[in-house]
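# Descriptive structure summary
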Amino acid sequence: NTEEVDKLIAEKDQIIGDARAAVGRDVAALKTEMDAKIAAEAERAKADVDRQIADAMKTIDAERENSKAQVETQGQAIA
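Quick caveat: nothing in here was measured; it's all calculated off a predicted structure.

About the criteria used
Residues numbered from 1 in each chain as written. Predicted model: local features only at pLDDT ≥ 70, side-chain atom pairs only at ≥ 80, totals over all residues. Heavy atoms only, no water. Helix = DSSP H or I, 4+ residues; strand = E, 2+ residues; numbered from the N terminus. Rg over C-alpha atoms; globule rule 2.2 N^0.38 Å. Buried < 20%, exposed > 50% of the residue type's maximum accessible area, 1.4 Å probe, protein only. Areas by Shrake-Rupley, 256 points an atom, 1.4 Å probe, with all protein chains shown as cover. Lys, Arg positive; Asp, Glu negative; His and termini not counted. Charge placed at Lys NZ, Arg CZ, Asp CG, Glu CD. Patch = residues over 30% accessible without salt bridge, like charges linked within 9 Å, V, L, I, M, F, W, Y side chains within 5 Å. Salt bridge = Lys/Arg side-chain N within 4 Å of Asp/Glu carboxyl O.

## Notes on the overall build of the chain
Across its full length, the chain holds one helix and zero strands. Over its C-alpha atoms the chain spans a radius of gyration of 34 Å, topping by over 25% the 12 Å that the globule rule assigns to 79 residues. Taken along its principal axes, the extent of the C-alpha atoms in the chain is 115 × 10 × 5 Å. Residues counted as buried form 0% of the 79 residues belonging to the chain. Split by element, the accessible area of the chain, about 7100 Å² in all, is 60% carbon and sulfur. Of note, the chain has its 12 positive side-chain charges centred 4 Å away from the centre of its 18 negative side-chain charges.

In structure tokens, the structure reads:
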């Protein structure tokens, strides 16, 4: 009887150990997946910000050229 109880306890411990190991693997896999998704999203966000900055710089350059042309036109009109 004691032998059977010890065997059942060992089986229980084995099942618990296997379950913990499986959960550990699942958590590690999920963490890897989430890290990859976060990295991809960060890269996408960075590219989006870079694009917005480039667009803003184009607008600033265009406005600068427009202002320069207006100043030159007014200067010629005054002269």
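## With respect to a nonpolar patch on the surface
A contiguous nonpolar surface patch, about 340 Å² in accessible area, is contributed by V49, I53, M57 and I60. Within the secondary structure layout, I53 lies in helix α1 (residues 2-78).

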